[in-house]
Amino acid sequence: MKNSVLKGVFGALAVAGIAVVAKKVIERKRFVKGIFEEYDIKEKSPFGLADKIREMNEEEYQALKGKFKNQFASKCHQRRFERRNEAAEA
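Residues numbered from 1 in each chain as written. Predicted model: local features only at pLDDT ≥ 70, side-chain atom pairs only at ≥ 80, totals over all residues. Heavy atoms only, no water.

A. Molecular detail of the overall build of the chain. Across its full length, the chain holds four helices and zero strands. Helices and strands in the chain line up, N terminus first, as α-α-α-α. Classification of the 90 residues of the chain by burial places 11% in the buried group. For the chain, the share of sequence-separated contacts (at least 6 apart) that also reach a separation of at least 24 residues comes to 45%. (Helix = DSSP H or I, 4+ residues; strand = E, 2+ residues; numbered from the N terminus. Buried < 20%, exposed > 50% of the residue type's maximum accessible area, 1.4 Å probe, protein only. Contact = heavy atoms within 4.5 Å.)

B. The arrangement of the packing of aromatic side chains in detail. Evaluated as defined, the whole model comprises three aromatic pairs. Centroid distance Phe 31 to Phe 68: 5.4 Å. Interplanar angle 90°. Geometry classified as edge-to-face. You can see Phe 31 sitting in helix α1 (residues 2-38) and its partner Phe 68 sitting in helix α3 (residues 58-72), a full 37 residues away along the chain. Taking relative accessible area as the criterion, Phe 31 reaches 18% and is therefore assigned buried. Between Phe 31 and Phe 72 the ring centres are 5.6 Å apart and the planes differ by 80°, which places this aromatic pair in the edge-to-face class. (Phe/Tyr/Trp six-rings, centres within 6.5 Å; stacked < 30°, edge-to-face > 60°.)

C. Inspection of α1 at higher detail. Taking 1.5 Å of rise per residue, the 37 residues of α1 would be expected to cover 54 Å, and the 54 Å separating its terminal C-alpha atoms lies within 8% of that figure. Taken as a whole, α1 has its buried residues at Phe 31, Ile 35 and Phe 36. Among the structural elements, α2 (46-55) and α3 are those in contact with the buried residues of α1. Once α1 finishes, Asp 40 follows within two positions and takes phi at roughly 55°, a positive value. (Expected span 1.5 Å × (residues − 1).)

D. Examining the nonpolar core more closely. Membership of the largest hydrophobic core is limited to eight residues, which are Phe 31, Ile 35, Phe 36, Tyr 39, Ile 41, Leu 49, Met 56 and Leu 64. For this core, the element with the highest residue contribution is α1, accounting for three residues. Leaving out residues up to four positions away in the same chain, Tyr 39 has contacts with Lys 52, Met 56, Glu 60, Leu 64 and Lys 67. (Core = buried A, V, L, I, M, F, W, Y, C linked by side-chain atoms within 4.5 Å.)

E. Representation of the pattern of salt bridges within the structure. One pass over the full model with this rule turns up three salt bridges. Taking the shortest distance from any N to any O, the salt bridge between Glu 38 and Lys 67 comes out at 2.4 Å. Taken together, the residues span a long stretch of sequence, with Glu 38 in helix α1 and Lys 67 in helix α3 at a distance of 29 residues. Between Asp 51 and Arg 54 there is a salt bridge; the shortest N-O distance is 2.6 Å. Taken as a pair, Asp 51 and Arg 54 lie in helix α2 at a separation of three residues, close to a single helical turn. (Salt bridge = Lys/Arg side-chain N within 4 Å of Asp/Glu carboxyl O.)

Printed below as a string of C-alpha cells:
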C-alpha cells in the first residue's frame, strides 16, 4: 500500500513540475514573440534579431537589452545581490 501511495505522490509532483516548466516556456516564448512584433522583425530567428540589433543606435539597443535582462534575469540570488549594492553605496 505504501509503495503505490508514494508512486501516486511522486506522479502528482511530476505533473505539477511539468506544468510549471511549461508555463515558464510559454511566457518566455510570448515575450520573444512580442519583441519581434515590437521591433518589426520579419525573420523569426536569432539571426533576424541580430540583424536588427546591428541597425539600432546605442539608445535603442540599451532599451532592448534592459527588457531582456528583466525578463530572463535569475531571481535566485536577488536579495543577496541587493544587500551587496546597498552596502557598497553606504
